[in-house]
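Each chain is listed here by its residues.
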Amino acid sequence: MSTEQSEGHGYDELRDEGWRRLLAAARRRLERTGGALDGEIGLTRPSEAERRTVIGITGRYRPETAKRLAVPLIDLDGYLHDRYGTGLLQTLGRLHGPLRDRPAERAEEEARRDDALKSAHTSRLAGQGWFAAWLDRIAADGTLTRLVRRGDALLLDAAVRVLERLTGDGDRSAGSPKRVPGVLPLPVLAEWATGDTKALVPGAPLEQLVLRALAQRTGGGSEVSPDRAGRRALWESAGAIADDLASQVLVLNIGARGDTVVCDWLRDAAGFGIPFRLTLHQLANDPVIPAARTIFVCENPAVLRAAADELQDTGAALVCTEGVPSAACHKLLGDAVRAGARLHWRADFDWAGLRITADAMARHGARPWRMSAADYTAALGKGGSTPLAGPPAASPWDPGLALAMAASGSTVMEERLLPVLLSDLTRA
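In what follows, the accompanying structure is described. (Residues numbered from 1 in each chain as written. Predicted model: local features only at pLDDT ≥ 70, side-chain atom pairs only at ≥ 80, totals over all residues. Heavy atoms only, no water.)

**Focus on the pairing of strand β7 (residues 342–345)**
This is how it is decided: Note on pairing: DSSP must find at least two bridges between two strands before they are called paired. In this text, helices come from DSSP runs of H or I with a minimum length of four residues, and strands from runs of E with a minimum of two, each type numbered from the N-terminal end. Throughout, right-handed denotes a crossover for which the path from the first strand over the helix to the second runs clockwise when the strands point away from the viewer.
Sheet topology note: the strand β5 (residues 294–298)/β7 ladder contains 4 bridges and is parallel. By the bridge assignment for β7, Thr-294 is matched with Arg-342. Sheet analysis places β7 next to strand β8 (residues 367–368), joined by 2 bridges and oriented parallel. Bridge assignment links Trp-345 to a residue of β8, and that residue is Pro-368. Taken together, β7, helix α17 (residues 351–364) and β8 form a β-α-β motif whose crossover is right-handed.

**Examining the environment of Val-54**
Worth spelling out the cut-off: In this scheme, a residue with accessible area under 20% of its type's maximum is buried, one over 50% is exposed, and one in between is partly exposed, where area comes from a 1.4 Å probe on protein chains only. Should any heavy atoms of two residues lie within 4.5 Å, those residues are counted as being in contact.
Tracing the chain through its elements places Val-54 in helix α3 (residues 48–58). A relative accessible area of 1% places Val-54 in the buried class. Each C-alpha atom, one on Val-54 and one on Leu-69, is 7.4 Å from the other, the two residues being 15 residues apart in sequence. What Val-54 contacts, discounting residues up to four positions off in sequence, is Gly-59, Arg-62, Leu-69, Ala-70 and Val-71.

**Some thoughts on the pairing of β5**
Burial within β5 is extensive, with 4 of its 5 residues counted as buried. Strand direction decides the pairing type here: β5 and strand β6 (residues 317–320), joined by 4 bridges, are parallel. Within β6, the position partnered with Val-297 by the bridge is Val-319. With helix α15 (residues 301–310) bridging β5 and the parallel β6, this β-α-β connection has right-handed handedness.

**Some details on the packing of helix α6 (residues 102–120) against helix α9 (residues 154–166)**
When two helices pack together, their arrangement is given by the angle between the helix axes and the distance between those axes. Under the convention used in this document: Between the N-to-C directions of two axes lies an angle of 0 to 180 degrees, each axis being a line fitted to C-alpha atoms and, for a helix, fitted only over the stretch in contact. Note on terminology: angles under 35 degrees are roughly parallel, angles over 145 are roughly antiparallel, angles of 65 to 115 are roughly perpendicular, and the others are oblique. The hand of a helix crossing depends on one turn: near helix anticlockwise from the far one by less than a right angle means left-handed, and clockwise means right-handed. Here the nonpolar group is Ala, Val, Leu, Ile, Met, Phe, Trp, Tyr, Cys and Pro; Asp, Glu, Lys and Arg are the charged ones; every other residue, Gly included, is treated as polar.
Put simply, α6 and α9 touch, their axes get as near as 9 Å, and they point 10 degrees apart. Considered as vectors, α6 and α9 are oriented roughly parallel to each other. Along this stretch, α6 crosses α9, giving a crossing that reads as right-handed. On the side of α6, the interface is formed by Ala-116, Leu-117, Ser-119 and Ala-120, while α9 contributes Leu-156, Asp-157 and Val-160. Considered class by class, the residues forming the contact of α6 with α9 number 5 nonpolar, 1 polar and 1 charged.

**A closer look at the sheet that holds strand β4 (residues 276–279)**
Spatially, the 6 strands line up as an open sheet ordered β4-β3-β6-β5-β7-β8, and their pairing is mixed. Each edge of the sheet is formed by a strand with only one pairing partner; in this case those strands are β4 and β8. Direction of pairing for strand β3 (residues 248–252) relative to β6: antiparallel, over a ladder of 3 bridges. Bridge pairing in β6 links Leu-252 to Leu-318. Strand contacts of helix α13 (residues 261–272): β3 and β4, with the helix running at about 160 degrees to β4, the strand carrying the most contacts.

**Description of the pattern of salt bridges**
Quick reminder of the rule: In the sections that follow, a salt bridge refers to a side-chain nitrogen of Lys or Arg positioned within 4 Å of a carboxyl oxygen of Asp or Glu.
Under the definition given, this model contains 25 salt bridges. The network of salt bridges with shared partners includes Glu-48, Arg-51, Arg-52 and Glu-64.

**Some words on helix α5 (residues 88–96)**
Where we set the bar: By arc we mean the arc of the directions from the helix axis to the C-beta atoms, nothing more.
For α5, the full list of buried residues reads Leu-88, Thr-91, Leu-92 and Leu-95. Looking straight down α5, one finds that the buried residues subtend no more than 95 degrees of arc, so they occupy a single side. Those residues of α5 that are buried are in contact with α2 (17–33) and α4 (73–84). Where α5 ends, the next residue or the one after it, Gly-97, has phi of about 95 degrees, a positive value.

**Considering the packing of aromatic side chains**
So the rule is basically this: Pairing of aromatic side chains requires ring centres within 6.5 Å, counting the rings of Phe and Tyr and the six-membered ring of Trp. Pairs whose planes differ by under 30 degrees are stacked, by over 60 edge-to-face, and all others tilted. Comment: the charge-over-ring label is applied if NZ (Lys) or CZ (Arg) is within 6 Å of the ring centre and within 35 degrees of the ring normal.
In total, this model carries 7 aromatic pairs according to the counting rule given. A network of ring pairs unites the aromatic residues Trp-130, Phe-131 and Trp-134 as a single cluster. Lying across the ring of Phe-349, Arg-346 places its NZ or CZ 5.1 Å from the centre.

**Quick word on the environment of Leu-280**
With respect to the element layout, Leu-280 can be found in helix α14 (residues 280–285). By relative accessible area, which is 0% here, Leu-280 ends up buried. Note: C-alpha distance between Leu-280 and Ile-241 (39 residues apart in sequence) is 9.1 Å.

Without other data, these values stay purely geometric and don't point to any function.
Written out as structure tokens, the structure is:
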């Protein structure tokens, strides 16, 4: 064999039509089996050049009418060794680069997936159902495999650290990010977890992982809302803030004790019965202690708007969560409770409303307001309803409420209770 042949320049024949598909099929087979020379490869609808090549390799005649030609790999290996002095594996390597060992790659990939999951399962959160369900989901749907293939398996560890910090079980060392009560900016959290302040920006792989876990934690499954408001609500449900100006709370007649600009604004608004919006930025930088000793909380702006129109400044203090309470809402109400205020809380009669109310009771010691099974049944008979959707929730303050809702399968929005709600606000 010449030096030219040994360097691969004598393989010109193998680049011709009669060889191209055959060698490509051999490469795929060998990569799939880890280089094993057992078995055969085949060509369907072979060309005349391919038919002649196969006859030359095997020494057996194949008619022009043959629909498929099979070549044992061992025969192909022997032919190449006799003709070029290099067997099939070496020849393919010299023609198109080293072969991949896909079984070994799969085994290594599986080992990296297992290592990532084992590390995650050592978390303090491992015993919580939502955390285990999140890990099971990302392992089953290919998310973890994609991370491993991209070399991003360490993002799972980072996601676990973020979740531990957000749920109150994380690192309390000197390097752990400190927060103003109710405020943990995402850039600070991202820099602490990864060294990159942008690791949790919208669309980043780490942000996707963490939000899926938070969605699981809030009972909404693992699907993350594509809109900005939905994603912001998930962050705020765990006390993290993407934008402290975007996090707001709508209030009416709340009043304030204190000698700050924001307190002056609240007093003026309450004096005229005008709805007012507070941002988390204002609440964190210009502390507000609500003057009201009793505060009612509703979910829908229509209730607050009706109270402003009909009761004006004579109605009770009212806070509207506008769905899932924002960080600004929790900050205001948390400060109010610490100052001695009592909260009366209600939400829509749907599964999300039950979860919101139960969380308010646990977090702020709130009392349910018109959230009994009797209230639901009375409201249900006053008009049409939409079907309940999403995973069911409990109503620990009145177990019969969740049972009644499950039995009817119907949602009741709180606007249907407006007359009785306004009556409560008037008496208060």
